[in-house]
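Structure assessment
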Amino acid sequence: MNIFISLDYELFFADFSGSVEKSIIEPTNALLEIVDKFMIKLNLFVDAGYLVKLKEYKDKYPNLQKDYQKVVNQIEKLDRNGHDIELHIHPHWEDTIYDGTKWVMDTKRYRLHKFDDWKIEQIVKVYKKALTDIIGDKVFTYRAGGWCIQPFDKIKDALKSNSIWLDSTLYEGGFKDNSTHYFDFRNIPKKTQYRFESDPTIEVENGYFLEVPISSTTISPLFYIRYALLRKFDKQNHKIFGDGKGVGREGKDNLEMLTKFTPAVASIDGYRISYLQRVLSEYEKYSDNNNFVIMGHPKAQTRYSIEGLHKFLAKNHTKHNFTTYRNEFFEKNS
Ligand SMILES: [Zn+2]
């Protein structure tokens, strides 16, 4: 089976964005230290809106000039070493300003869909260019910020005209509808890859786009209870490396998670890595088991997750093919 370790390379989006060192650079290096031991390559979905904003402000603020250089250097190095750099869009950067000391985020337009059609086209173009300016013209894969990819019709043309034809956003069972987020993946094909055209939840033979969904499972409320306790009482191992604060979880989501089995992505983030081996075993039994996509965020790593990743790779690196979207799909499809 092909295994893709995919990471959303980004800051936090609530009141505290966190610093580029603690939330991006250092935890990415901590992950590289582990994967390098096994010669495994990562897939990084770079939050390109952040790069666009850094470019906008860097001449005015020397500290942002430094932040920009740090991110660019790391992305260049990742690319040089064979890791895959792909496009992640959080369009609320459009409404974000730098006040001289911190990023002031406005997440009212958290989804790309909140913008006009011409603006969506421009965002995809400019954000993709922020990446290709660094690594050259190789970007072809997309992951929507906060999984908000629907209705796909509205963003389809913008992706197509920018030569983005692979998506890796969906996960089976996913659903969220609140003030910032909307997605509904409750009825997606039970496949690890399929073609689609204007709706990623419906397979269309010979469709322009290829969906390679994030692997998923369901987890019990006990998981979240244990996680909360560990974060409180075993800070040393379970405190996240990132120094910011997240966005998008509301009271009703927490209630769901604490009262019934809920869908969850295969993830290396924090305590989530504790169920990763179980999800892999479930996928090993699938009939369509070409791909296993794991997601994560550098900012959400902990001592526990780094140690868990080490164990996971030691156990599986000879059994499966750890790879990148570029290696598996780009060269074979173009
Ligand atoms: Zn993201």
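Going by the structure above, here's the rest.
Once a new chain begins, its residue numbering starts again from 1 and follows that chain's sequence as written. Restriction of local features to residues with pLDDT of at least 70 applies here, the model being predicted, together with a cutoff of 80 or more for giving and counting side-chain atom pairs; totals for whole chains, interfaces and linings are based on all residues. Water and hydrogen atoms play no part in the side-chain values, which are based on all heavy atoms of the structure.

**Quick look at the coordination of the zinc ion**
Think of the donor list as every N, O and S atom within 2.8 Å of the metal, or within 3.2 Å for Na, K and Ca; water never makes the list, so a site can look incomplete. Every protein donor of the zinc ion is listed here as Glu10 (OE), His88 (NE2) and His90 (NE2), and their distances to the metal cover 2.0 to 2.1 Å. Each donor residue of the zinc ion lies on the same chain, and together they follow the pattern E-x77-H-x1-H. Residue Glu10 is located in the loop between strand E1 (2-9) and helix H1 (20-37), and its partner His90 is located in the loop between strand E3 (84-89) and strand E4 (97-98); the two are separated by 80 residues in the primary sequence. For the pair formed by Glu10 and His90, the shared burial category is buried. Every helix listed is a DSSP run of H or I at least four residues long, and every strand listed is a run of E at least two residues long, numbered separately from the N terminus. For every residue, the accessible area obtained with a 1.4 Å probe (protein chains only) is divided by the maximum for its type, and the residue is called buried under 20%, exposed over 50%, and partly exposed between those limits.

**Focus: the pattern of salt bridges**
The term salt bridge refers to a pairing of a side-chain nitrogen on Lys or Arg with a carboxyl oxygen on Asp or Glu at a separation within 4 Å. Taken as a whole, this structure holds 22 salt bridges when the rule is applied. Put simply, Lys22 and Glu26 hold a salt bridge, and the shortest N to O gap is 3.1 Å. In this pair, Lys22 and Glu26 both sit in helix H1, four residues apart, roughly one turn of the helix. Judged by its relative accessible area of 38%, Lys22 falls in the partly exposed class. Connected via shared salt-bridge partners are Lys55, Lys129 and Asp133.

**A short note on the packing of aromatic side chains**
When we look at a pair of aromatic rings, we describe it by the centre distance and by the angle of the planes. Centres within 6.5 Å are what make two rings of Phe, Tyr or Trp a pair, Trp counting through its six-membered ring; a difference in plane orientation under 30 degrees is then read as stacked, over 60 as edge-to-face, and the rest as tilted. Scanning the model with the defined rule gives 32 aromatic pairs in all. Summarising the aromatic geometry, the rings of Tyr271 and Tyr304 are spaced 5.6 Å apart at their centres and angled 50° between planes, so their arrangement reads as tilted. Taken together, the residues Tyr271 in the loop between strand E13 (262-265) and helix H9 (276-284) and Tyr304 in helix H10 (residues 303-316) connect sequence positions 33 residues apart. What makes Tyr304 partly exposed here is its relative accessible area of 28%. Ring geometry for Tyr283 and Tyr286: centres 4.6 Å apart, planes at 20°, overall stacked. The class of Tyr283 is buried, set by a relative accessible area of 5%. Judged by relative accessible area, which is 29%, Tyr286 ranks as partly exposed. One aromatic cluster is present, built from ring pairs that chain together Phe13, Tyr50, Tyr57, Tyr61, Trp93, Tyr98 and Trp103. One residue, Lys299, lies across the ring of Phe12, its end atom 4.8 Å from the ring centre. Throughout this description, the term charge over a ring refers to an Arg CZ or Lys NZ atom that lies within 6 Å of the ring centre and within 35 degrees of the ring normal.

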